[in-house]
Amino acid sequence: RERVLPVLEELREREPGRRVGEPWIGTFHGLSLRILRVEAQRAGLGPNFSIFDDADARSLVNDVTEEMGIDQFDADEFFRDLETAKARLLAPDFLIKGRSLVERGGPQADRWRPALSHFRSDRFIDVYDRYQRALEEQNAVDFSDLLNRTTRLFRDAPEVRDSWRSTFRHFMIDE
């Protein structure tokens, strides 16, 4: 922000008739949040959805595992697995389908086994499924969902993607 705004101001002074819009400056999570606030309904969220921070997410997992009757549960391991799943855009229902194919055996099982072996947390897929449903019931997302919901929205709704595509002429990523 400190580097971009002076450049824009200089451009405005040099070319007073030229229209220079205000930039959206932020992290990927922050920009995704702004888009989801506008597109909440199309992204499957209510208008005033909440964002769960790490403490909220841990509390929710504790509630979920207690509700499921799981006495011993390693939340740290679960969140490592959760990050892996969400970074790969692997939804719980997709993983449940894969697990089912492994249980049935056959050639598809051989393809799924390596993918499912990445998850070390005990009962990861079941807890992940219930965790996501609990987030939805509370009209909430966690930090990874900010990116994932925006990605899915743009992937699955071409009219939304095209509308946002026409909103911005340039992207600059400084990570």
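Not measured: the values here are computed from a predicted model.

Draft legend 1. How the structure looks around the packing of helix α8 (residues 143-156) against helix α9 (residues 158-167). Close contact between α8 and α9 brings their axes to 5 Å; oriented N to C, the two are set at 105°. It follows from the interaxial angle that α8 and α9 lie roughly perpendicular. When α8 is examined against α9, the residues L153, F154, R155 and D156 are found in contact with a partner set consisting of P158, V160, R161 and W164. Partitioning the contact of α8 with α9 into residue classes produces 5 nonpolar, no polar and 3 charged.

Draft legend 2. Quick peek at the packing of helix α2 (residues 28-39) against α8. α8 packs onto α2 with a crossing angle of 60° between their chain directions and a minimal axis gap of 9 Å. Here α2 lies oblique to α8, going by the angle between them. Seen along the crossing, α2 lies across α8 with a hand that is left-handed. Packed against α2, whose contacting residues are F28, H29, S32, L33, I35, L36 and E39, the element α8 presents F143, D145, L146, L147, R149, T150, L153 and F154 at the interface. A class-by-class count of the residues in the contact of α2 with α8 yields 9 nonpolar, 3 polar and 3 charged.

Draft legend 3. Examining the packing of aromatic side chains more closely. What the rule picks out here adds up to 9 aromatic pairs. With centroids separated by 5.3 Å and ring planes inclined at 80°, the aromatic side chains of F78 and F79 adopt a geometry described as edge-to-face. Classification of F79 by relative accessible area gives buried; the value is 17%. An aromatic cluster of three or more residues is present, and its members are F73, F78, F79, F119, F124, Y128 and Y131. Across the ring face of W24, the terminal group of R34 is positioned such that the distance to the ring centre comes to 3.8 Å. The ring of F49 has R37 lying over it, and the distance from NZ or CZ to the ring centre is 4.0 Å.

Draft legend 4. Quick look at the side chain of D142. Within the secondary structure layout, D142 lies in strand β2 (residues 140-142). On the basis of relative accessibility, which here comes to 6%, the residue D142 falls in the buried class. Polar contacts involving the side chain of D142 include one to the side chain of K86, which spans 2.6 Å. Excluding anything up to four places from it in sequence, D142 contacts F52, L82, K86, Y131, Q132 and L135.

Draft legend 5. How the structure looks around the environment of A157. Looking at the secondary structure, you find A157 in the loop between α8 and α9. Looking at A157, the relative accessible area reads 11%, which means it is buried. Along the sequence, A157 and M68 sit 89 residues apart, while their C-alpha atoms lie 35 Å from each other.

Draft legend 6. Quick look at the nonpolar core. One finds F78, F79, L95, F124 and Y131 to be the most contacted residues of the largest nonpolar core, which totals 27 residues. Broken down by element, the residue count for this core peaks at 7 residues, all from helix α7 (residues 124-137). Core analysis: the next-biggest nonpolar cluster, separate from the first, contains 12 residues, L36, A43, V141 and L146 among them.

Thresholds applied
Residues numbered from 1 in each chain as written. Predicted model: local features only at pLDDT ≥ 70, side-chain atom pairs only at ≥ 80, totals over all residues. Heavy atoms only, no water. Axes fitted to C-alpha atoms, helices over the stretch in contact; angles between N-to-C directions. Helix = DSSP H or I, 4+ residues; strand = E, 2+ residues; numbered from the N terminus. Parallel < 35°, antiparallel > 145°, perpendicular 65-115°, else oblique. Contact = heavy atoms within 4.5 Å. Nonpolar A, V, L, I, M, F, W, Y, C, P; charged D, E, K, R; others polar. Left-handed = near helix turned anticlockwise from the far one by under 90°. Phe/Tyr/Trp six-rings, centres within 6.5 Å; stacked < 30°, edge-to-face > 60°. Buried < 20%, exposed > 50% of the residue type's maximum accessible area, 1.4 Å probe, protein only. Lys NZ or Arg CZ within 6 Å of the ring centre and 35° of its normal. Polar contact = N/O pair within 3.5 Å; in protein donor to acceptor, adjacent residues only side chain to side chain. Core = buried A, V, L, I, M, F, W, Y, C linked by side-chain atoms within 4.5 Å.

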